[in-house]
Amino acid sequence: MLTKEENALLTQTGPGTPMGEVFRRYWLPALLSSELPSPDCPPVKFTLLSEDLVAFRDSRGRVGVLDRYCPHRGSSLYWGRNEEEGLRCVYHGWKFDVAGTCVDMPNEPIESRFKEKIRTLAYPVEERGGVVWVYMGPPEQRPQMPELEWTRVPDSYIYVTKRFQLCNYLQNVEGEVDSSHISFLHGRVTPSGESATAGVNPIGGNIQGTSLIDRSPVFQVKETDYGLLIGARRNAGPDRFYWRLTQFLMPAYTMIPSDPGSPISFTAAIPVDDTHMVGFTVTWRPDQPLSKDDIAQIEAWRGIHTEADANFRPLRNIDNEYMIDREAQRQGSFTGIRGIREQDLAVQEDQWGPVTQRDREHLGTTDLAIIAMRRLLLRDASRLEEGIEPPEPHNGAAYRVRSVALTLDRAVDWEAGAKEHLAATR
Amino acid sequence: MLTKEENALLTQTGPGTPMGEVFRRYWLPALLSSELPSPDCPPVKFTLLSEDLVAFRDSRGRVGVLDRYCPHRGSSLYWGRNEEEGLRCVYHGWKFDVAGTCVDMPNEPIESRFKEKIRTLAYPVEERGGVVWVYMGPPEQRPQMPELEWTRVPDSYIYVTKRFQLCNYLQNVEGEVDSSHISFLHGRVTPSGESATAGVNPIGGNIQGTSLIDRSPVFQVKETDYGLLIGARRNAGPDRFYWRLTQFLMPAYTMIPSDPGSPISFTAAIPVDDTHMVGFTVTWRPDQPLSKDDIAQIEAWRGIHTEADANFRPLRNIDNEYMIDREAQRQGSFTGIRGIREQDLAVQEDQWGPVTQRDREHLGTTDLAIIAMRRLLLRDASRLEEGIEPPEPHNGAAYRVRSVALTLDRAVDWEAGAKEHLAATR
Amino acid sequence: MLTKEENALLTQTGPGTPMGEVFRRYWLPALLSSELPSPDCPPVKFTLLSEDLVAFRDSRGRVGVLDRYCPHRGSSLYWGRNEEEGLRCVYHGWKFDVAGTCVDMPNEPIESRFKEKIRTLAYPVEERGGVVWVYMGPPEQRPQMPELEWTRVPDSYIYVTKRFQLCNYLQNVEGEVDSSHISFLHGRVTPSGESATAGVNPIGGNIQGTSLIDRSPVFQVKETDYGLLIGARRNAGPDRFYWRLTQFLMPAYTMIPSDPGSPISFTAAIPVDDTHMVGFTVTWRPDQPLSKDDIAQIEAWRGIHTEADANFRPLRNIDNEYMIDREAQRQGSFTGIRGIREQDLAVQEDQWGPVTQRDREHLGTTDLAIIAMRRLLLRDASRLEEGIEPPEPHNGAAYRVRSVALTLDRAVDWEAGAKEHLAATR
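All of the points below concern the structure found in this document. (Residues numbered from 1 in each chain as written. Chains lettered and ligands numbered in written order. Predicted model: local features only at pLDDT ≥ 70, side-chain atom pairs only at ≥ 80, totals over all residues. Heavy atoms only, no water.)

### Quick word on the overall build of chain A
Stage number 1. Across its full length, chain A holds ten helices and 19 strands.
Stage number 2. For 426 residues, the compact-globule estimate of 2.2 N^0.38 gives 22 Å, and chain A sits close to it at 23 Å.
Stage number 3. The principal-axis extent of the C-alpha atoms belonging to chain A is close to 85 × 45 × 45 Å.
Stage number 4. The proportion of buried residues among the 426 residues of chain A is 62%.
Stage number 5. At a minimum sequence separation of 6, the contacts of chain A that also span at least 24 residues come to 61%.
Stage number 6. Counting only carbon and sulfur atoms, one obtains 50% of the accessible surface of chain A, whose full area is about 15400 Å². (Helix = DSSP H or I, 4+ residues; strand = E, 2+ residues; numbered from the N terminus. Rg over C-alpha atoms; globule rule 2.2 N^0.38 Å. Buried < 20%, exposed > 50% of the residue type's maximum accessible area, 1.4 Å probe, protein only. Contact = heavy atoms within 4.5 Å. Areas by Shrake-Rupley, 256 points an atom, 1.4 Å probe, with all protein chains shown as cover.)

In structure tokens:
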């Protein structure tokens, strides 16, 4: 349980907020590269950390991210002309390049030097792994790019999707670091009400129903250079433990485990404003292209990637009650909702509303990772208020990690036993 | 005219408000029983007195009404599994019975006793007359069930409907106790503009146009053990008066009059929050099933029952301007709107907005019952703030009343003359 | 740039605000006469300067504008019966004439004199030029009707349209007095990115592309008895200037220029509330009916009149992104949006939101007229707060002006050279 004040601190990321400052120390996934498919294509408007922005890809293929509104009289640059290495406001023709420099001001007299006084807000941009990343913090604190494995492999090795989610970002992060809910939310039950001891592993691998049998995992959390390594231990026969290792990477990235050899997953929960977020989900293979079967499995939309419309709104959403099928729920699906991600949406988008009220919660033993993750965020926010910069953003190499699910001898130390699976090779 | 403060007091019923406390001393109609048609059927979410709740019918057929949100981390129990005598949260499997007891907490270790510390808010429930009643007040003040006649007859004797109304509850109550508006809102006029002296009695009985001829009734109000008995007297020939007797039953129930021998009516105006309400309307015969003709008349949807969609939204509503027919209005319908209830909706859902501004009103002689009803509510709220509990909830038998419309000799005392018609026989 | 306080002062026009008081010194266009097509037709509801009103045309053809809500208990008179020289509330039959007098109160006893104590708010109304004008200020300050030429010609000489616009009124006024934006927003460009030196004049006349060639006009502003006369000068060959003269008429009317001999135009930007406005656009010929070709050109909806639905909502609006055609934008239309007015809507309806933030702007040399217009409004508001009434409303004859676009010898004084074109003849 948190105080109302701590909850506000954790969930508010607009300009000037302590947690907003923490987010403004990191490169953040902002758009899919495919939203800006070609030089001089139409601009895209979006909101990030409660700031209204516009993105465009210039004639040379560089992506610019600018304040959405023209500094002249505030017209939206979203209507702008994307032409000749700049985005031009349609009201009076002011034109800005990707750096925010005003490169043309045709409504002023030729001799005017007013143009030189005008800049618009522009944020640094990088493109990696099919994603447009933005850095919104102070220039002198500009961090390294996180060396996430999926940003370092060929395009054919990765599959990236984006979705809007109608809640604060932290509800999604909490779901990701909470390995215990998979036994329920994503599970199946027999008609008698007992969890099935066999059946499809909802996460996609072959765990022989283990996580469904032992439904009260023991959590262990280790702080790392990038965030947290979270171990959730379940009994798996008399001599062995089944370990699900989840990565939490500052400020709001997670990797839920896969079986060794399966495609690996990454998610980011990016605040749009304090009651909306964008989720990015990535699946990749480190050393070969995704197979047709890998892709077919993703595009069956039963896993962690959502089927969404052209505006990234999930097709199964709160307005249609996630198309919940109460008869299916009765017959064995724990929720009656199709799709891992949609099941998450159902529990995350209305948790005492769009911003959950953490002063009302009752945490149990399986919420250990959630507590640790919140503590880390609060600590970094509090330190930054005192002027102490977070170290993680400046250690891009630390992000070269993976997550894994595996069984180990009970006697084996989990971190040591999983070590080879946790290091990214790319 | 009231002060702004009195108006706020009368209209606000959320937790902790004085009038909210008054409502929390009564059994309140919350749902139709048919919304929970069978054991273990899907749960229903609703809001009552500004509290978000969920209802379910358990395996034994008992109805539970719980806080909508799981006390663990606030996920909505509306997505929950209704199974084996409890509602189970889909996030981590916590399960609650109709009493709010946590009967299973499968994500905790077997040895954990955390479950014993967890309860969720649960309100007492009764089912009577096809309606789920809820009591939301202090357990030690739990009242008797009001012995309303329609809750004591066989199902085939009653017809119950429910509708959402986009205004504060009190606007609806005021319409119900205001017998004078029927000469206008529900009337017909001849093309010359004069009220018709004959024609269909809009309320359903045979009053030979009396209420239409004498359009300025004289009101008399008597305080009773359950609320108010309201008499509205109209001239009906040289020697007789036409009396319409309306019952106001604390806290927000009314019975508008019917002719002796006709089906009888009851309504409840239940606050969802301060700008929305649910209306329940009941028609019954005390001593025999409703006839096919009774039902056909109701289901012509021209009376006090509304034609609504599956979500209880009236088909003729403010968004489609109640399908007002301006030509019909010109030809003789006073409003051009079809249906007694829809006519009420039109004048109630926008009375200086959804919460009428009683500091701006100008009350006349026919508003006497409205004044008395408000005074009663304000008095009970004020007393309760001083710790004096209202007596009405503890006198269930007092609710055994009916209303009636009849003509009496001018010399006859109205209460005495109507006495036999006012007592419920069941 | 203005302060936040100045911006609030300029943009807020509700009851009791300083700028609202200024607007309440003028006759304001409120409705099209055609919205009340015949005696006793259905009433119309609307909001003006944040006041909720209802209009009706009585049996004698007079238009009444009343407080929307009945003073009895606040029911909406919009549902009212418009009959026999008055609008009758459907709740209890109270009836009001165009002057706000309560002429019938049939729910009161015959001997009651309550009716005499009741008046409802009624505003004076005039109909001119196909428009219903309302005066909402103190009776003793009731001004003259502005003698606008288009209000003094036969109906066949004029074409009037109305549209809702989702922004504060001032954003529209600023667009109208800003002659410089036509070179951009309403222009075309060659695929090379340069403005076309020839092509259709977006305003409708024959200016041989002049305004497109010289895109940094020099502004001159003169204060007049009715507001401002604004000259925007562009180079037009070695010896001549091209002048676009725009009229700003207090409090929110404008005339953008036409070529001599072409139909003339007028617009009004009328506050609904602080984030919505109604725009009226008028095109007229002073001395002959509009030709079939004039009307065909208007009804091609490519100019300053908008194609709108029955509720005056533009068909190309922010919800459908004004049906922007990005390919057309690339091919030569500066915006890719069809229609002068729709182009204006795109830049006006989201200028840092629906109320632009003038403390963030960066004005240039071509914003001179905007600055002068704001100063005039602020001055009148400030004087009125000191009790000094604005003089303009009491000088109806001063509004007999036109605007014009023409080329003049560089040596000629612009006001003198344009004089004959600026005076209305009707």
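### Structural notes on the interface of chain B and chain A
Stage number 1. In this assembly, 32 residues from chain B lie in contact with 37 residues from chain A.
Stage number 2. Buried area between chain B and chain A, summed over both chains or domains, comes out near 2900 Å², and the portion from carbon and sulfur atoms is 49%.
Stage number 3. A:Arg360 serves as the salt-bridge partner of B:Asp67, at 3.5 Å between the closest nitrogen and oxygen.
Stage number 4. Taken together, the residues of the side of chain B that touches chain A sort by class into 16 nonpolar, eight polar and eight charged. (Buried area = accessible area lost by both parts, 1.4 Å probe. Salt bridge = Lys/Arg side-chain N within 4 Å of Asp/Glu carboxyl O. Nonpolar A, V, L, I, M, F, W, Y, C, P; charged D, E, K, R; others polar.)

### Some remarks on the interface of chain A and chain C
Stage number 1. On the side of chain C, 37 residues touch chain A, which itself brings 32 residues to the contact.
Stage number 2. In total, about 2900 Å² of surface goes out of reach between chain A and chain C, with carbon and sulfur atoms giving 50% of it.
Stage number 3. Where chain A touches chain C, the interface holds four salt bridges.
Stage number 4. For C:Asp367, the salt bridge is made with A:Arg73, and the minimal N-O distance between the two is 3.5 Å.

### Quick word on the packing of aromatic side chains
Stage number 1. All chains considered together, the criterion is met by 39 aromatic pairs over all chains.
Stage number 2. Here C:Tyr226 and C:Tyr399 contribute two aromatic rings whose centre-to-centre distance is 6.4 Å and whose plane-to-plane angle is 55 degrees, an arrangement assigned as tilted. Here C:Tyr226 is found in the loop between strand E13 (218-223) and strand E14 (227-235), whereas its partner C:Tyr399 is found in the loop between helix H9 (368-385) and strand E19 (404-409), with 173 residues between them in sequence.
Stage number 3. By relative accessible area, which is 8% here, C:Tyr226 ends up buried.
Stage number 4. Site record: aromatic cluster; members linked through ring pairs are A:Trp133, A:Trp150, A:Tyr253 and A:Phe266.
Stage number 5. Seen from the ring of A:Phe312, A:Lys162 lies directly overhead, with NZ or CZ sitting 4.4 Å from the centre.
Stage number 6. Lying over the aromatic face of B:Phe241, B:Arg233 brings its terminal NZ or CZ to 4.2 Å of the ring centre. (Phe/Tyr/Trp six-rings, centres within 6.5 Å; stacked < 30°, edge-to-face > 60°. Lys NZ or Arg CZ within 6 Å of the ring centre and 35° of its normal.)

### Brief notes about the relation of the copies chain A and chain C
Stage number 1. Rotating chain A by 120 degrees and translating it 0.0 Å along the rotation axis places it on chain C, where the RMSD comes to 0.0 Å. The transformation just described matches what one would write down for a three-fold rotation axis. Residue A:Asp319 of chain A places its C-alpha closer to the rotation axis than any other residue of that unit, at 11 Å. (Least-squares fit on C-alpha atoms with pLDDT ≥ 70 in both.)

### Some words on the pairing of strand E10 (residues 125-128) of chain A
Residues and elements named next belong to chain A.
Stage number 1. As defined by bridge partners, E10 adjoins strand E11 (residues 131-135) across four bridges and the pair is classed as antiparallel. By the bridge assignment, Arg 128 is partnered in E11 with Val 131.
Stage number 2. Count of turn residues in the E10/E11 antiparallel hairpin: two residues, of which Gly 129 carries a positive phi of about 60 degrees. (Pairing = 2+ DSSP bridges.)

### Topic: the sheet that holds strand E6 (residues 87-88) of chain A
Residue and element names in this part refer to chain A.
Stage number 1. Spatial strand order, E5-E6-E7-E8: four strands in an open sheet with antiparallel pairing. Unpaired on one side and paired on the other, strand E5 (81-82) and strand E8 (102-104) mark the two borders of the sheet.
Stage number 2. Bridge count between E5 and E6: two bridges; the pairing is antiparallel. Within the sheet, the bridge partner assigned to Arg 81 lies in E6 and is Arg 88.

### Things to note about the pattern of salt bridges
Stage number 1. The full count for this structure, using the stated rule, is 107 salt bridges over all chains.
Stage number 2. Ionic pairing is found between B:Asp380 and B:Arg379, a salt bridge with its closest N-O pair at 3.7 Å.
Stage number 3. Note on B:Asp380: relative accessible area 3%, which makes it buried.
Stage number 4. Each of A:Arg73, C:Glu174, C:Asp178, C:Arg358, C:Glu361, C:Asp367 and C:Arg374 takes part in salt bridges that share partners, so that together they form one network.

### Concerning the pairing of strand E18 (residues 276-284) of chain C
Residue and element names in this part refer to chain C.
Stage number 1. Taken across its nine residues, E18 has eight buried, putting it largely inside the fold.
Stage number 2. As paired strands, strand E12 (residues 158-165) and E18 are joined by eight bridges and run antiparallel to one another. Within the sheet, the bridge partner assigned to Arg 163 lies in E18 and is Gly 279.
Stage number 3. Pairing between strand E17 (residues 264-273) and E18: nine bridges, direction antiparallel. Among the inter-strand pairings, Phe 266 is bridged to a residue of E18, identified as Val 282.
Stage number 4. The loop that links E17 with its antiparallel partner E18 comprises two residues.

### Considering the packing of helix H4 (residues 169-177) of chain B against helix H9 (residues 368-385) of chain B
Residue and element names in this part refer to chain B.
Stage number 1. Where H4 meets H9, the axes come as close as 9 Å, and the angle between the chain directions of the two elements is 135 degrees. On the basis of their axis angle, the class for H4 and H9 is oblique. As for how H4 packs across H9, the hand of that crossing is right-handed. Residue-level contacts link Tyr 169, Leu 170, Val 173, Glu 174 and Val 177 of H4 to Ala 369, Ile 370, Met 373, Arg 374 and Leu 377 of H9. (Axes fitted to C-alpha atoms, helices over the stretch in contact; angles between N-to-C directions. Parallel < 35°, antiparallel > 145°, perpendicular 65-115°, else oblique. Left-handed = near helix turned anticlockwise from the far one by under 90°.)

### Focus on the sheet that holds strand E3 (residues 51-57) of chain A
Residues and elements named next belong to chain A.
Stage number 1. With antiparallel pairing, the four strands of this open sheet are ordered in space as E2-E3-E4-E9. Lying at the two open borders of the sheet, with one neighbouring strand each, are strand E2 (44-48) and strand E9 (122-123).
Stage number 2. Pairing between E2 and E3: five bridges, direction antiparallel. Bridged to Leu 48 within E3 is Glu 51.

### Things to note about helix H1 (residues 4-11) of chain C
Residue and element names in this part refer to chain C.
Stage number 1. For H1, every residue scored as buried is listed here: Asn 7, Leu 10 and Thr 11. Projected down its long axis, H1 carries its buried residues within an arc of 85 degrees, all on one side.
Stage number 2. Looking at the buried side of H1, the elements it contacts are helix H2 (18-23), helix H4 (169-177) and H9. (Arc of directions from axis to C-beta.)

### Description of unusual backbone geometry
Stage number 1. The step from B:Met250 to B:Pro251 runs through a cis peptide bond, and the omega angle for that step is 0 degrees.
Stage number 2. Looking at where B:Pro251 falls in the secondary structure, it is placed in the loop between strand E15 (240-249) and strand E16 (253-255).
Stage number 3. Here the phi dihedral of A:Tyr322 falls at roughly 55 degrees; this positive angle occurs in a residue that is not glycine.
Stage number 4. Residue position: A:Tyr322 is located in the loop between helix H6 (292-298) and helix H7 (326-331).

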